[in-house]
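Each chain is listed here by its residues.
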Amino acid sequence: MKQDIHPAYRPVVFRDKSANFSFLSGSTRESGETVVWEDGNTYPVIDVEISSASHPFYTGNQRVMDTQGRVEKFKKRYGQS
């Protein structure tokens, strides 16, 4: 394999703020933020919108979304009333 063409693979903390849940995993993603993990080491942190702690499939809870704005926008765009 060619040297110096692949991104660095390192430990990264993924944080789901909506569920107050974080987990440490390996990734090539870059981040300017860091966090001190439970083991005392500092790792880059990446905020995610949905994780296994907040996903409806895993939790069994449905999140209510405001779809009225979307429906109104659709009707307005395509001339339906």
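Reading the values: rules and limits
- Residues numbered from 1 in each chain as written.
- Predicted model: local features only at pLDDT ≥ 70, side-chain atom pairs only at ≥ 80, totals over all residues.
- Heavy atoms only, no water.
- Helix = DSSP H or I, 4+ residues; strand = E, 2+ residues; numbered from the N terminus.
- Buried < 20%, exposed > 50% of the residue type's maximum accessible area, 1.4 Å probe, protein only.
- Contact = heavy atoms within 4.5 Å.
- Areas by Shrake-Rupley, 256 points an atom, 1.4 Å probe, with all protein chains shown as cover.
- Phe/Tyr/Trp six-rings, centres within 6.5 Å; stacked < 30°, edge-to-face > 60°.
- pLDDT = per-residue confidence, 0-100.
- Polar contact = N/O pair within 3.5 Å; in protein donor to acceptor, adjacent residues only side chain to side chain.

### So, the overall build of the chain
If you tally the helices and strands in the chain, you get 2 helices and 4 strands. Tracing the chain from N to C terminus, the helices and strands come up as β-β-β-β-α-α. Across the 81 residues that make up the chain, the buried fraction comes to 15%. A separation of at least 24 residues holds for 34% of the contacts in the chain among residues at least 6 apart in sequence. Summed over its atoms, the accessible surface of the chain is roughly 7,000 Å², and 50% of this surface lies on carbon and sulfur atoms.

### Notes on the packing of aromatic side chains
Tallied over the entire structure, the rule returns 2 aromatic pairs. Each ring, one from F21 and one from F23, has its centre 5.9 Å from the other, and the planes form 35°; the classification is tilted. Judged by its relative accessible area of 30%, F21 is partly exposed. You can call F23 partly exposed: its relative accessible area is 32%.

### Brief notes about the confidence of the model for the chain
Interpretation of this model should avoid reading the predicted coordinates in detail wherever pLDDT is low. Across the chain, the average pLDDT comes to 82, with 79% of residues at or above 70. Per-element averaging of pLDDT across the chain places helix α1 (residues 56-59) at the bottom with 60 and strand β3 (residues 34-36) at the top with 94.

### Quick word on the side chain of S27
If you trace the backbone, S27 turns up in strand β2 (residues 21-27). What makes S27 buried here is its relative accessible area of 9%. Only 3.0 Å separates the side chain of S27 from the backbone nitrogen of R29, close enough to count as a polar contact.

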